[in-house]
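A structural walkthrough
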Amino acid sequence: MDELNNAFRKLIVGVDTKVPLLNGDYVTAINLDNAATTPPFNSVMKKILEFVPWYSSVHRGTGYKSIMSSEVYEEGRAIIKRFVNADKSRDIVIFTKNTTESINLLAYILAQDDDDSIVLSTEMEHLANDLPWRDKFKVDYICTDECGKLSIEDLEMKLRKYAGKVKLVTVTGASNVTGFKNPIHEIASLAHRYGAKILVDGAQLVPHCPVDMKDFDSAEHIDYLAFSAHKMFAPFGIGILIGPQKTFENIDPVYKGGGAVTLVSRQFIDWESPPYNNEAGTPNIIGIVALLEAIRILNCIGMDVIHEYENSLIDYTTAALMGIPGVVLYGNSEKHESKIGIVSFNLLGFDHRLLAKILSCEAGIAVRSGLFCAHPYVEKLLKITDQELQYYQENPDVPFPGMVRISVGLYNSYSEIDALVACLRWINGDKIKCKQKYTEISQKVSGPKSPLLYTPRKKMP
Ligand code: ALA
């Protein structure tokens, strides 16, 4: 395992970066916030530098560099399709900015031929796969259980209840809060049986597990898939939306401008065919070069190897957290195959924001705290009542409850988890002193900024 991890670490930019602690010392940063975004692969940076001398306008020039840039851009679509086994000819790849934009784009398009149909979302979605549907469709939410797992029985019950009126079942591939993976192919089969299509929000799934959209003729086929390059070691502003060409024909594009049209006069606009009608403006070819290189590396390692490694690491983390008195875990599951490398928790007696701040100030550990842009899901897991929600809404100055999240990437090591656990044990063991120290600091330091910004630092080692 250590050898494997050493090899993975060498792939990543910035794994040895030193960050300051509150006492002014420097330590090697530990990034346990990979669900938010990931650092680039070294080879992604190298590839970008190799490509930039050839950088030029995509689809807008006759110069050699422009032709080359356009070729890379178009060939990229085929590579991305192969990565998730999308259909070579019937599916199209649309380049967006991130998963959020991909889902908003799809919602905008599907709403255009709306006929009172229903979208089934779930109680465990990121807001990106909830809010875009709310103002365009009647939305109902498939329930999660106490633990936070999706109820397939409830999905089937709702599909039956709406008797053919469900247009789309939109579901996360894996939760950014609990790490639970959903059985996307089983959900696809059910959705198709009742005449609905399925969208998988793959933001947390595609970077961590093998994903197979499956054949169009299979009941388990995934109709639409969205994901982001910045969560898969290529943080240069590219998102992906994959779906059948047909969906994107003869629509009113959300973004209108150059590149999306064939001919325009004062009297008419002739829109391009898909995917171009949805890609107005100069394309982000650097972002695509980065993503293609990241995919190459991920393929070389093997998505199943990554999944296995990250899951062992999160199992190790979960077991260690369970051994700390006062730790409350959310969505804990016994079977790691049904999870990705995420675990969320609280430490009794500590505000989630404070805990995250202390981990950074005392040990250089980056985690995320709060509601993780999945407010209704976290609120349910925290058992916050409607009455309490109303109270928080009416009193925005009262700090809202939340959780602390650990999300691992292939380059995180067992020793980094040991450092996290040691720091949490230290905090827990010295609760009163620790709280007192940080209360005094926050009285001196105004606002939500980290006290690290105000700390005198020792000389960088
Ligand atoms: N959706 C990202 C996260 O969960 C930003 O942190």
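From a predicted model like this one, the values you see are computed outputs, not experimental measurements. (Residues numbered from 1 in each chain as written. Predicted model: local features only at pLDDT ≥ 70, side-chain atom pairs only at ≥ 80, totals over all residues. Heavy atoms only, no water.)

Brief notes about the pattern of salt bridges
One pass over the full model with this rule turns up 20 salt bridges. When the shortest N-O distance is used, the salt bridge between Arg405 and Asp33 registers 3.1 Å. Of the two residues, Arg405 is situated in strand S17 (residues 403–407) and Asp33 in the loop between strand S3 (30–31) and helix H2 (42–51); the sequence distance between them amounts to 372 residues. Salt bridges here are not isolated pairs; linked through shared partners, they connect Lys46, Lys47 and Glu50. (Salt bridge = Lys/Arg side-chain N within 4 Å of Asp/Glu carboxyl O. Helix = DSSP H or I, 4+ residues; strand = E, 2+ residues; numbered from the N terminus.)

Describing the sheet that holds strand S14 (residues 342–347)
An order of S13-S14-S17-S16 is seen for the four strands of this open sheet, with the pairing classed as antiparallel. Here the strands that pair on one side only, and so sit at the sheet edges, are strand S13 (327–330) and strand S16 (368–370). Pairs of neighbouring strands in the sheet enclose a mean axial angle of 30°, with direction left out of account. Here S14 pairs with S17 via four bridges, running antiparallel. Looking at the pairing, Phe345 lines up with Val404 of S17. Running at roughly 15° to S14, helix H9 (residues 303–322) makes contact with S13, S14 and S17 of the sheet. (Pairing = 2+ DSSP bridges. Axes fitted to C-alpha atoms, helices over the stretch in contact; angles between N-to-C directions. Contact = heavy atoms within 4.5 Å.)

A closer look at the domain arrangement of the chain
Along its sequence, the chain is organised into domain 1 (2–31 + 302–442) and domain 2 (45–300). One C-alpha centre belongs to domain 1, the other to domain 2; they are set 29 Å apart. Facing the 36 residues of domain 1 at the interface are 33 residues of domain 2. Three residues, Met303, Ile340 and Tyr377, lead the burial of domain 1 against domain 2; their summed loss comes to 29% of the area buried on that side. Run the count over domain 1 and domain 2 and you get one salt bridge. Here Glu123 ties to Lys380 by a salt bridge, and the two come within 2.6 Å at their closest N and O atoms. Seen at the junction of domain 1 and domain 2, the total is 15 residue pairs in polar contact (both at pLDDT 80 or more). Contributing elements (two or more residues each) for the side of domain 1 that touches domain 2: H9, S14, helix H11 (375–381) and S17. Looking at side-chain class alone, the side of domain 1 that touches domain 2 contains 20 nonpolar, eight polar and eight charged residues. (Domains from an automatic or database assignment. Buried area = accessible area lost by both parts, 1.4 Å probe. Polar contact = N/O pair within 3.5 Å; in protein donor to acceptor, adjacent residues only side chain to side chain. Nonpolar A, V, L, I, M, F, W, Y, C, P; charged D, E, K, R; others polar.)

Topic: the packing of aromatic side chains
For the coordinates displayed, the defined rule picks out ten aromatic pairs. When the ring of Phe8 is compared with that of Tyr309, the centres are 5.6 Å apart and the planes differ by 75°; the resulting orientation is edge-to-face. Here Phe8 is found in helix H1 (residues 2–9), whereas its partner Tyr309 is found in helix H9, with 301 residues between them in sequence. Classification of Phe8 by relative accessible area gives buried; the value is 4%. Plain terms: the ring middles of Tyr309 and Tyr414 are 6.2 Å apart, the flat faces sit at 85° to each other, and that makes the pair edge-to-face. With a gap of 105 residues between them, Tyr309 in helix H9 and Tyr414 in helix H13 (residues 414–429) connect regions that are remote in the sequence. On the basis of relative accessible area, Tyr309 is assigned to the buried category, the value being 1%. (Phe/Tyr/Trp six-rings, centres within 6.5 Å; stacked < 30°, edge-to-face > 60°. Buried < 20%, exposed > 50% of the residue type's maximum accessible area, 1.4 Å probe, protein only.)

Regarding the side chain of Glu416
Mapped onto the elements of the fold, Glu416 is located in helix H13. Residue Glu416 is classed as buried on the basis of its relative accessible area, which comes to 6%. At 3.0 Å, the side chain of Glu416 forms a polar contact with the backbone nitrogen of Ser413. Apart from residues no more than four positions distant in its own chain, Glu416 is found in contact with Arg9, Ala29, Ile30 and Tyr411.

As for the sheet that holds strand S7 (residues 166–172)
What the seven strands build is an open sheet, ordered S4-S10-S9-S8-S7-S5-S6; its pairing is mixed. Each having just a single partner strand, strand S4 (91–96) and strand S6 (138–142) make up the two edges of the open sheet. Direction aside, neighbouring strands of the sheet carry axes that sit 20° apart on average. Relative to strand S8 (residues 197–201), S7 runs parallel, the two sharing five bridges. Note that in S8 the partner of Val169 across the bridge is Ile198. Across the face of the sheet, helix H6 (residues 152–161) comes into contact with strand S5 (118–122), S6 and S7 while running at roughly 150° to S6.

A few points about the nonpolar core
Counting 122 residues, the largest nonpolar core has Ile80, Val84, Val169 and Ile427 as its most contacted members. Among the elements that line this core, the one with the most residues is helix H8 (residues 285–301), at twelve residues. Ranked by size, the runner-up nonpolar core spans 19 residues in total, among them Ile94, Ala107, Phe137 and Tyr224. (Core = buried A, V, L, I, M, F, W, Y, C linked by side-chain atoms within 4.5 Å.)

Remarks on the environment of Gly173
Note on placement: Gly173 falls in the loop between S7 and helix H7 (184–193). For Gly173 and Ile184, which are eleven residues apart along the polypeptide, the C-alpha to C-alpha distance reads 6.5 Å. Setting aside anything within four residues of it in sequence, one finds Gly173 in contact with Phe180, Lys181, Asn182, Ile184, Val200, Asp201 and Leu205.

Examining the pairing of S8
With four of five residues buried, S8 is to be regarded as a mostly interior element. Bridge analysis of S8 against strand S9 (residues 224–228) gives three bridges, and the strand direction is parallel. If you follow Leu199 over to S9, its bridge partner there is Tyr224.

Some thoughts on the site of the ligand
Within the structure, the ligand sits among Ala35, Ala36, His126, Asn176, Lys231, Arg368 and Arg405. One nitrogen or oxygen atom from the side chain of Arg368 is found 2.5 Å from an oxygen atom belonging to the ligand. Arg405 is positioned such that a nitrogen or oxygen atom in its side chain is 2.7 Å from an oxygen atom of the ligand. Calculation on the ligand without its partners gives an accessible area of 220 Å², and the protein chains cover 84% of this total. A breakdown of the residues in the shell around the ligand according to their chemical character gives two nonpolar, two polar and three charged. (Near = heavy atom within 4 Å. Areas by Shrake-Rupley, 256 points an atom, 1.4 Å probe, with all protein chains shown as cover.)

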